Each structure stands twice: as structure tokens, then as C-alpha cells.
Amino acid sequence: MYPTLSHEEILRYSRHLLIPDVGLEGQRKLKAASVLVIGTGGLGSPVSLYLAAAGVGRIGLVDYDVVDASNLQRQVIHGTQSIGDLKVESARQRLLDLNPDIQVEVYNEPFTSANAMRIASDYDLLVDGTDNFPTRYLTNDVCVLLGKPNVYGSIFRFEGQVSVFDARRGPCYRCLFPEPPPPGLVPSCAEGGVLGVLPGTIGTLQATEALKLILGIGEPLIGKLLLYNALDMSFEFVKLRKNPRCKVCSPEPEVTELIDYEAFCGVPGHDRDEGEVGGGWDIAASDLAKRLKVGNHIRLIDVREPHELEISHLEGAQLIPLGQLAARLSELDSAQEIVLFCKSGTRSARALELLLSAGFRKVKNLKGGINAWAREVDPRLPIY
Amino acid sequence: MQTLRIPTPLRSYTDGRSEVNVSGRTIAEAMQDLTAHYPDLRPHLFNEEGNLRPFVNLFLNQEDIRSLQGLETPLKEDDRLMIIPSIAGG
Ligand SMILES: [Zn+2]
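Given the structure is predicted, the values throughout are model-derived calculations rather than measurements.

### With respect to the overall build of chain B
When you go through chain B residue by residue, the secondary structure sums to 2 helices and 5 strands. For 90 residues, the compact-globule estimate of 2.2 N^0.38 gives 12 Å, and the C-alpha radius of gyration of chain B, at 12 Å, lies within 12% of that figure. Counting only C-alpha atoms, chain B reaches 35 × 25 × 25 Å along its principal axes. Looking at chain B residue by residue over its 90 residues, the buried ones come to 53%. Taking as baseline every contact in chain B between residues at least 6 positions apart, the subset at least 24 positions apart corresponds to 46%.

### Brief notes about the interface of chain B and chain A
By convention, interface size is frequently given as the accessible area that disappears when the constituent parts associate. Contact with chain B, which involves 25 residues of that partner, is made by 39 residues of chain A. Among the residues chain B hides against chain A, the three largest losses belong to Phe55(B), Ile87(B) and Gly90(B). Together they make up 25% of the total. There are 7 salt bridges connecting chain B and chain A. The tally of links from chain B across to chain A stands at 16 residue pairs in polar contact (both at pLDDT 80 or more). Of all the secondary structure elements, the ones that give two or more residues to the side of chain B that touches chain A are strand 3 (57-60), strand 4 (63-64) and strand 5 (80-84) of chain B. Among the elements that make up the side of chain B that touches chain A, the one with the highest residue count is strand 5 of chain B (3 residues).

### Side note on the sheet that holds strand 5 of chain B
Residue and element names in this part refer to chain B. With mixed pairing, the 5 strands of this open sheet are ordered in space as 2-1-5-3-4. Every other strand in the sheet has two partners, leaving strand 2 (19-22) and strand 4 as the edge strands with one partner each. The strands touched by helix 1 (residues 27-37) within the sheet are strand 1 (2-5), strand 2, strand 3 and strand 5, with strand 2 carrying the most contacts at an inclination of about 115°.

### Considering the coordination of the zinc ion
All names here are of chain A. Summarising the metal site, the zinc ion is bound by the protein donors Cys-172 (SG), Cys-175 (SG), Cys-246 (SG) and Cys-249 (SG), whose distances to it range over 2.3 Å. Each of the 4 donor atoms around the zinc ion contributes to a set of angles spanning 96 to 119°, which defines the coordination as tetrahedral. All donor residues of the zinc ion come from one chain, and their arrangement in sequence is C-x2-C-x70-C-x2-C. Here the residue Cys-175 occupies a position in helix 8 (residues 173-176), and Cys-249 occupies one in the loop between strand 8 (234-239) and helix 11 (261-265), the gap between them amounting to 74 residues. On the basis of relative accessible area, Cys-175 is assigned to the buried category, the value being 5%.

### Some remarks on the environment of Gly369(A)
Residue and element names in this part refer to chain A. Among the structural elements, Gly-369 can be located in helix 15 (residues 369-376). Along the backbone, Gly-369 and Thr-346 are 23 residues apart, and their C-alpha atoms lie at a distance of 8.1 Å. With residues up to four places along the chain from it excluded, the contact list for Gly-369 reads Cys-342, Lys-343, Ser-344 and Gly-345.

### Looking at helix 1 of chain B
Residues and elements named next belong to chain B. Every buried residue of helix 1 is accounted for by Ile-27, Ala-30, Met-31, Leu-34 and Thr-35. Seen from one end, helix 1 has its buried residues packed into an arc of 130°, which puts them on one side. Among the exposed residues of helix 1, those oriented more than 90 degrees off its buried face are Ala-36 and His-37. Turning to helix 1, the residues buried within the fold contact strand 1, strand 2, helix 2 (42-45), strand 3 and strand 5.

### Some details on the packing of helix 12 (residues 285-293) of chain A against helix 15 of chain A
Residue and element names in this part refer to chain A. Closest axis-to-axis distance for the helix 12/helix 15 pair is 9 Å, and the angle between their directions is 75°. The angle between helix 12 and helix 15 falls in the class roughly perpendicular. Residues Ala-285, Ser-286, Leu-288, Ala-289 and Leu-292 of helix 12 form the contact with helix 15, whose own contacting residues are Ala-372, Trp-373 and Glu-376. Residues of the contact of helix 12 with helix 15, tallied by class, amount to 6 nonpolar, 1 polar and 1 charged.

### Regarding the nonpolar core
Residue and element names in this part refer to chain A. The biggest cluster of nonpolar side chains holds 41 residues, and the ones touching the most others in it are Val-35, Leu-51, Val-56, Ile-59, Leu-61, Leu-95 and Leu-125. No other element matches the 8 residues that helix 10 (residues 198-215) contributes to this core. Setting aside anything within four residues of it in sequence, one finds Val-56 in contact with Leu-30, Ala-33, Val-35, Leu-51, Ile-102, Leu-211 and Ile-214. Counting 34 residues, the second largest nonpolar core, distinct from the first, contains Phe-111, Leu-138, Leu-240 and Cys-265.

### Re the pattern of salt bridges
This structure, assessed with the given rule, holds 30 salt bridges over all chains. Note that Asp166(A) is salt-bridged to Arg168(A), the shortest N-O span being 3.0 Å. Note that Glu331(A) and Arg328(A) form a salt bridge whose closest N and O atoms lie 2.8 Å from each other. For Arg328(A), a relative accessible area of 22% gives the class partly exposed. In the salt-bridge network here, residues are joined through shared partners; they are Glu159(A), Asp232(A), Glu236(A), Arg5(B), Arg11(B), Glu19(B) and Arg80(B).

What counts, and where the lines are drawn
Residues numbered from 1 in each chain as written. Chains lettered and ligands numbered in written order. Predicted model: local features only at pLDDT ≥ 70, side-chain atom pairs only at ≥ 80, totals over all residues. Heavy atoms only, no water. Helix = DSSP H or I, 4+ residues; strand = E, 2+ residues; numbered from the N terminus. Rg over C-alpha atoms; globule rule 2.2 N^0.38 Å. Buried < 20%, exposed > 50% of the residue type's maximum accessible area, 1.4 Å probe, protein only. Contact = heavy atoms within 4.5 Å. Buried area = accessible area lost by both parts, 1.4 Å probe. Salt bridge = Lys/Arg side-chain N within 4 Å of Asp/Glu carboxyl O. Polar contact = N/O pair within 3.5 Å; in protein donor to acceptor, adjacent residues only side chain to side chain. Pairing = 2+ DSSP bridges. Axes fitted to C-alpha atoms, helices over the stretch in contact; angles between N-to-C directions. Donors = N, O, S within 2.8 Å, 3.2 Å for Na, K, Ca; no water. Tetrahedral: all angles 85-135°; square planar, octahedral: opposite > 155°, others 65-115°. Arc of directions from axis to C-beta. Parallel < 35°, antiparallel > 145°, perpendicular 65-115°, else oblique. Nonpolar A, V, L, I, M, F, W, Y, C, P; charged D, E, K, R; others polar. Core = buried A, V, L, I, M, F, W, Y, C linked by side-chain atoms within 4.5 Å.

Printed below as a string of C-alpha cells:
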């Protein structure tokens, strides 16, 4: 039986109770429901805020990050006061302020193959609000293996995708994306940016789908993918079908337990732009400053995009955006010492690999990018 | 003539265009036409052997071309093709 509602709850949810499709019974279903939200960032913010406001009885939040000033342009669950605080704690406080009648359980840890089944098994459905490919494949496989719906949302710059993957009733994430893109091909939000309101649009659509699933009303986005573009203000749908050879949800699956998703995707399970190459190919900002000061002839190559120069730039650096580097190698001299840099070191790490494979050896990656230079060498530059 | 929708991550290879006109009797021909106009797109869609990369999702009028006849699917006038990107932001 579904739990009853107090007088206070009846008043709080009055606008739900007035809708015949929700009503008292629907509201009691919401109170009995539990939803695990993976990530308390751009998508997780609106998802968890609206689920909490709607009266979903138990909300789980998984995140291991702390609130950073650069999050607040879109992660509306956090505030300036909570910069530096654990995201899950900041989010819990906000959700309980919004609705003290619900339970909020927090998991201040990365969602990994080691803990995912244990955490997820306790919830009715999962909402994928992560920011990286490994955790998306992990969330999918957990849902398939546990037989739970996965309310999927994903964003990039002005574009978003939404679907409900429920392998019992339709396709899964792997049916659509059997393989991740090669590392570095698709820029992440930390590298490529994202319009702040975009996760608001996509996250509220995810919250809508989660509520519909709990209430058992309407047509869930099972077997359909919504493609949203903010610039065109376009909403388009495509049909998704179960892949009869899907590695995880076909009748004879290859994947029957969780795997190493970072190895599968070839990238780390987070979207922090903190590039370093390792293997002695990095140079710290302070070391570079010392070497330039004593007159070393070092060619500085900035692999960012032209519009980023306005934010900050290094004296004497030459701009060759990463996308053009392969075609402009002839402008570089492999006999001369080269230091590559970008915002935080991720794109320049990729540029370095490109130069290494082209036979360059006297080349280094500025660890932490121009932001590290701003922190360690020249505080007149802003960090972005 | 058909139209093809270009997703945001690939628009830097199509002079920023979100939609381009292509023409072909099959999807393969239309894609050939596309990459002839925008050669920088080619490595993002096809591997060295000329096969569609496995992470590239091509849809024809809302249907995954894998559930049709793949690249050999015949095209009609005014058909609409879409490339659906893998994006992971959140
Ligand atoms: Zn599947």
C-alpha cells in the first residue's frame, strides 16, 4: 500500500491533487517512489529540484565533486555560499529546504563498477545526469542488469538529447551507441562549453519523464530519442529499436556484469579539464617562466580557439587551434623547443600526442594550461 | 536532393551550417556528396576503409539506417538524413 499524506502534505501538493491523472493516489505513489540521480551538476540540479518539489519520497544523489564558481552558470541547485562545499551536501540542504517531507540520501563518491550495483539496487529508477562517457555506459549497464529504467539526458553547447532506456520494454543506451567515440573526438563541456540554460531544459524534461514513469501516466520516451537544439528551437524525435546483437540487453548478452568503463571508453570517468600527458612530457608553469626568464628560446603554441584569446593570452605565443594543427605542422620546426598550451591542458595534451606521432621530440605540454600560468606565475590573468 | 542535419559537434567542419543539401540515389552516394563538399568531415564519419564509424548514428526520416539497408538504403527526393552525435555533457 502507498503511504498516506498528512494535512500539510495535502496542502503542499494541492496543485497535483487537482489533476485527475495524479490525484491523491498519484501523489501517494510519488511519496512511495525512490529515484537515484547520478550527478548533481547541470542536469542533476533541475532533475533533483523538481523531483523534490513534486514530492518523490526518497531521492539519492551521487557526486564526489565540490562546488566551484564555474559551476554556478548552470548548476542552479548550488549557490555562491556553497562554493567549496561538497556538491551532494550543498544539494541536500537545498532539497530539504524546498521540501522537508522527503528523504535525501547522499553518496559522496564517484559512481563506479565497485559501488554502482549496491547503491542503485535500492532505487526504483535512475536518472543519468553525468558528464562523461564511462559513467553513462556504467549507468546503462547497471539499469539493464537490475531491470530498472534509465532516464537519459545529455548536453553539448546548444544541443541536448533525452530518452528513457528501459531494456525490459525497449532499447538501451548501448543499442543506440554500441561503442563510445574515440577519446578526444567529442569535446566535453569543460573544454567545449555549454549554454547555461540548456541543462535546465533537458533536466526538466528528464524530471518530467521520471514523474510520468512513477505515476504510470502518458507515453514515456521509450524507443524514442528527443533531439533538442536551442539555436533552432527545434525538437525532433527519432525511433530507437532494440539492437538484436546488443552487448548488454540482447537475449544472449556478452556483458553480464559491470566492466571497467574507463578502459572501455579510453577516458577518465569525470569531466575535469586537468590535462597532463605524463611520462615527462609536461612542464609546470613556474618552470616554464624560469626558463623563459633566462632567455631560453622556446616557441609557445596556443592551441585554443581564437575567441579565447580575448579572455587571456601569453605574450609571444602563436595561435594554432587544435583542429588546424594537423594541417599546419609545416609551420613548426621540430629542431626548436616547443611548449603547447590551452585553457587547462587537455587540448594541448592531445596536440602533444599529435606532434609526437608526427616525429617531434622537443615538445612539452604546459601542465594545467594558461589557467595554471595565471595561478602560479601571472595573477594579472583571469582564470576561466 | 535531400537534406542532412549536422549536429553541433560537427558544425565546425561544415562552415557552421546546421543543415546541408546533399544528393544521391543511396545514402552512400549522399554521404559521398557530403564529404566531397566538406572533406574535413570525412575522418569523423568514415574509417580508412570507407566504412561508417561504429559510433556514428545515421537516421533517415526518424529511422536508424541500421534497421533499413544501411548505406545502401535508396533515397527519395526530399528525404531527410540526420547524424546523431554521441554527446556526454551533463
Ligand atoms: Zn541494448
